[in-house]
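A structural walkthrough
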Amino acid sequence: MSTNTFSIPDYVVFAAMLAVSAGIGVYYACAGGRQRSTREFLMADNSMRYLPLSLSVLASFFSASTLLGTPAEIYQFGAMYWISVVGACLAPITGALLFGPMFFKIKVISVFESVGMGIVLFGPSTALSAVTGLSEWVIVVLVGMVCTFYTTLGGLKAVVWTDVFQTLVMLTGMLTVLIKASIELGGMDEVWRACERGGRLHFFDFDPDPRIRHTFWGLTLGIFLIWLPPYAVDQQMVQRFSSARSLREAKIALLLNAPGMFIIITLCSLTGLVLYAQYADCDPLRDGKVQNPNQLLPYFVVGVLGHLQGMSGLFVASLFSGALSSVSSMMNSLAAVTWEDFLKLKLGHLSDETAAKVTKLLVLLYGGLGVGLAFLVKELGGTVLQASLTLNGAAGAPLVGLFILGAAFTSTNWIGALAGGILGLTFSVWLSVGAYVSKPLNFKLPTSLAGCNATGNNTYVLTTHLAVTSTVVMTQAEGTYSPSDPRQLEGLNNLYGLSYLWFSGLGIATTVICGLVVSWLTGSTKSEDVKEDYQLQVFRKVTSCRACYLSEDYNVTTDVHLNNLTEEENWKAEGHQKPSSGDVEPNNHSTNTSPRRTTCD
């Protein structure tokens, strides 16, 4: 394998990406209101159009964790993961049509935000370290400083427009790598045949056992529930949704994320197949060439495409574009949460210009925190994709549950919401930690070392720090493979052995069920005490229609009764006096003419 590293053109391409990102921040620091108000710094003056917003949301949620983790997932576990595109695409549609309008109507700035910056920064730092020889901590600090710089200067406008630029870089880099790599391997037909021989093209498994890592049910419903928190109630999404010029623009921005997600997940999945086709006869993980799955794609780019000037630089730039977009969004969102939900309660007397300075200082502080968390993530091991999805499930699920409780079930009281949220979060974190510590199951597909020309003992052991796996022994000569059998699990391992795809759904269900039960036991809230603006429209319509139909049923019964009465009795039943002969009477006295609701809102 070639040992090519970064050339001068590679450094130029990577540096240009960082320079343009920083330049956008400088521009918005000097343009418009110069970020002197919290409305401009945190909400972009509510002036954003749907296209930049759409690309910004897409870039925020598709970081280097996706670009590195998805190909590694396909390489190790097969192409079935691509089915997740179905559930993933449904999430932004749900956010646009169900949750988004409520947030836009009440013009909320802050809901909640979890810290995932460490995972986002760590992933591409390992890639750049592998191809440049620079220390990971140097790369994390450098990129963290650039990201903090333009986010602090330019506010949400800079974040959105750097996201647009970085999305284009991200897509260009990944598409270029995929096309050039497939050409080097003889075309996608050859790639497909190699993956078929290696058992990577099994797409459908309808087994209902939730302990199996990937099934059709987990990759559709489970993934939908994982992506629902970011696209329904995540601070980054809500902040962008509320910064749009109109509700129509905001809805279009999220709806456009569905085809965007389809493109990116498909692109990354095909890249994973290319990875396997290249290393079908010599797994670099088992051969010791790379230390963890996150380095597979960088190793491939440098080794196979490194002779092309600028290719490695473009690839690494695309990874860091994904990282920068996500981290900058998180920093801006965390600053908004901290100011709106905490500091503003005590410092609300400050002028808006001073408040804007406070939020900029918060961005600086969170930038430093993100760099520190990246070093913590380094010690956890595993694939960044699963770490990212598990974090979303554990932290985001109870938040979705809370909003469902408050916006869909008006009977929920604060005690029920608090109890449900705490129990949902506790259960989700417990599942995540238990699964990480115990690692009871392995579903990795077999790989080969037949083409490595290895010498010595022909027995190889997968490194123990790889994601979600116990040690698996395979022989080079026979290629034997021993996948785990979920039926052999005992005790709590049955719970810890659940696929990570179900953690989010279980967290949501726990929050909602416990919240409703506790609210019922402690005294439900009256529906008339909940403002309509804080209710999900679809549930409000269902409730009003139900009341409407009940009312109509009652009136129909009354009509039938009235039809059996005399004309004078009908008038008396309706509470009227029969008109005198000189009065003009209605055309029809046989039906109930009292005002009643006949349609549903």
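Conventions and cut-offs
- Residues numbered from 1 in each chain as written.
- Predicted model: local features only at pLDDT ≥ 70, side-chain atom pairs only at ≥ 80, totals over all residues.
- Heavy atoms only, no water.
- Helix = DSSP H or I, 4+ residues; strand = E, 2+ residues; numbered from the N terminus.
- Buried < 20%, exposed > 50% of the residue type's maximum accessible area, 1.4 Å probe, protein only.
- Contact = heavy atoms within 4.5 Å.
- Areas by Shrake-Rupley, 256 points an atom, 1.4 Å probe, with all protein chains shown as cover.
- Disulfide = S-S within 2.5 Å.
- Axes fitted to C-alpha atoms, helices over the stretch in contact; angles between N-to-C directions.
- Left-handed = near helix turned anticlockwise from the far one by under 90°.
- Nonpolar A, V, L, I, M, F, W, Y, C, P; charged D, E, K, R; others polar.
- Polar contact = N/O pair within 3.5 Å; in protein donor to acceptor, adjacent residues only side chain to side chain.
- Phe/Tyr/Trp six-rings, centres within 6.5 Å; stacked < 30°, edge-to-face > 60°.
- Lys NZ or Arg CZ within 6 Å of the ring centre and 35° of its normal.
- Core = buried A, V, L, I, M, F, W, Y, C linked by side-chain atoms within 4.5 Å.
- Salt bridge = Lys/Arg side-chain N within 4 Å of Asp/Glu carboxyl O.
- Patch = residues over 30% accessible without salt bridge, like charges linked within 9 Å, V, L, I, M, F, W, Y side chains within 5 Å.

1. Brief notes about the overall build of the protein chain
- Secondary structure assignment for the protein chain yields 21 helices and 2 strands.
- Among the 601 residues that make up the protein chain, the fraction classed as buried is 55%.
- The long-range share in the protein chain, meaning contacts at least 24 apart out of those at least 6 apart in sequence, stands at 84%.
- In the structure as shown, the protein chain presents an accessible area of about 25700 Å², 63% of it carried by carbon and sulfur atoms.

2. Details of the state of the cysteines
- Summed over all chains, the structure comprises 1 disulfide.
- Two residues, Cys282 and Cys452, share a disulfide whose sulfurs are 1.8 Å apart. What sets the handedness of the Cys282 and Cys452 disulfide is the S-S torsion sign, and at about 115° it is right-handed. A residue pair is termed long-range when its members are at least 10 positions apart, and Cys282 in the loop between helix H12 (257-278) and helix H13 (296-305) and Cys452 in the loop between helix H17 (414-438) and strand E1 (459-461) qualify at 170 residues.
- Classification of Cys282 by relative accessible area gives partly exposed; the value is 21%.

3. Remarks on the packing of helix H5 (residues 84-106) against helix H9 (residues 216-232)
- Where H5 contacts H9, the axes come no closer than 7 Å and their chain directions differ by 35°. Seen from above, H5 lies across H9 with right-handed handedness. Listed contacts from H9 to Ser84, Val86, Gly87, Ala88, Leu90, Ala91, Pro92, Thr94, Gly95, Phe99 and Phe103 of H5 are Leu219, Thr220, Ile223, Phe224, Trp227, Leu228, Tyr231 and Ala232.
- A class-by-class count of the residues in the contact of H5 with H9 yields 14 nonpolar, 5 polar and no charged.

4. So, helix H10 (residues 235-242)
- By the criterion of burial, H10 is predominantly enclosed, with 8 of the 8 residues buried.
- Gln235, Gln236, Met237, Val238, Gln239, Arg240, Phe241 and Ser242 are the residues of H10 that are buried.
- Put simply, Asp234 is the residue that caps the front of H10, since its side-chain oxygen is 2.8 Å from the backbone nitrogen of Gln236.

5. Quick look at the packing of aromatic side chains
- Per the stated rule, a full pass over the model turns up 19 aromatic pairs.
- Both rings, one in Trp82 and one in Phe262, keep their centres 6.2 Å apart while their planes meet at 75°; by these two values the pair is edge-to-face. Placement of Trp82 in the loop between helix H4 (64-77) and H5 and of Phe262 in helix H12 is noted, with a sequence separation of 180 residues between them.
- On the accessibility criterion, Trp82 (28% relative accessible area) is partly exposed.
- Phe262 gets classed as partly exposed once you look at its relative accessible area, which sits at 40%.
- The interplanar angle of 40° and the centroid separation of 5.0 Å between the aromatic rings of Phe206 and Phe216 together place this pair among those described as tilted. Separated by 10 residues along the polypeptide, Phe206 in the loop between helix H8 (188-197) and H9 and Phe216 in helix H9 bring together distant segments of the chain.
- For Phe216, a relative accessible area of 22% translates into the label partly exposed.
- Lying across the ring of Phe77, Arg213 places its NZ or CZ 3.9 Å from the centre.

6. With respect to the nonpolar core
- The biggest cluster of nonpolar side chains holds 133 residues, and the ones touching the most others in it are Trp227, Tyr231, Phe300 and Phe315.
- Judged by nonpolar contacts, the second largest core, of 5 residues, contains Ile212, Leu441, Phe443 and Leu489.

7. Side note on the environment of Met145
- Within the fold, Met145 resides in helix H7 (residues 136-184).
- The exposed category is assigned to Met145, whose relative accessible area is 55%.
- Between the C-alpha atoms of Met145 and Leu364, which are 219 residues apart in sequence, the distance is 9.1 Å.

8. Here we look at the pattern of salt bridges
- A complete count under the given rule lists 11 salt bridges for this structure.
- Note that Arg213 is salt-bridged to Glu73, the shortest N-O span being 2.8 Å. On the criterion of sequence distance, the pair formed by Arg213 in the loop between H8 and H9 and Glu73 in helix H4 is long-range, its members being 140 residues apart. As far as the burial class goes, Arg213 and Glu73 line up, both buried.
- Across the pair Asp163 and Arg240 runs a salt bridge whose closest N-O atoms are separated by 3.3 Å.

9. Quick look at the side chain of Gln166
- Counting through the fold element by element, Gln166 comes out in helix H7.
- Discounting residues that sit within four places of it in the chain, Gln166 has contacts with Ser21, Tyr150, Ser321, Leu324 and Ser325.

10. Focus on a nonpolar patch on the surface
- Side chains of Val86, Leu90, Ile93, Leu97 and Leu255 sit close together on the surface and give an oily, nonpolar patch of about 400 Å² of accessible area.
- Inspection of the secondary structure assignment puts Leu255 in helix H11 (residues 247-255).
- When its relative accessible area of 35% is taken as the criterion, Leu255 is described as partly exposed.

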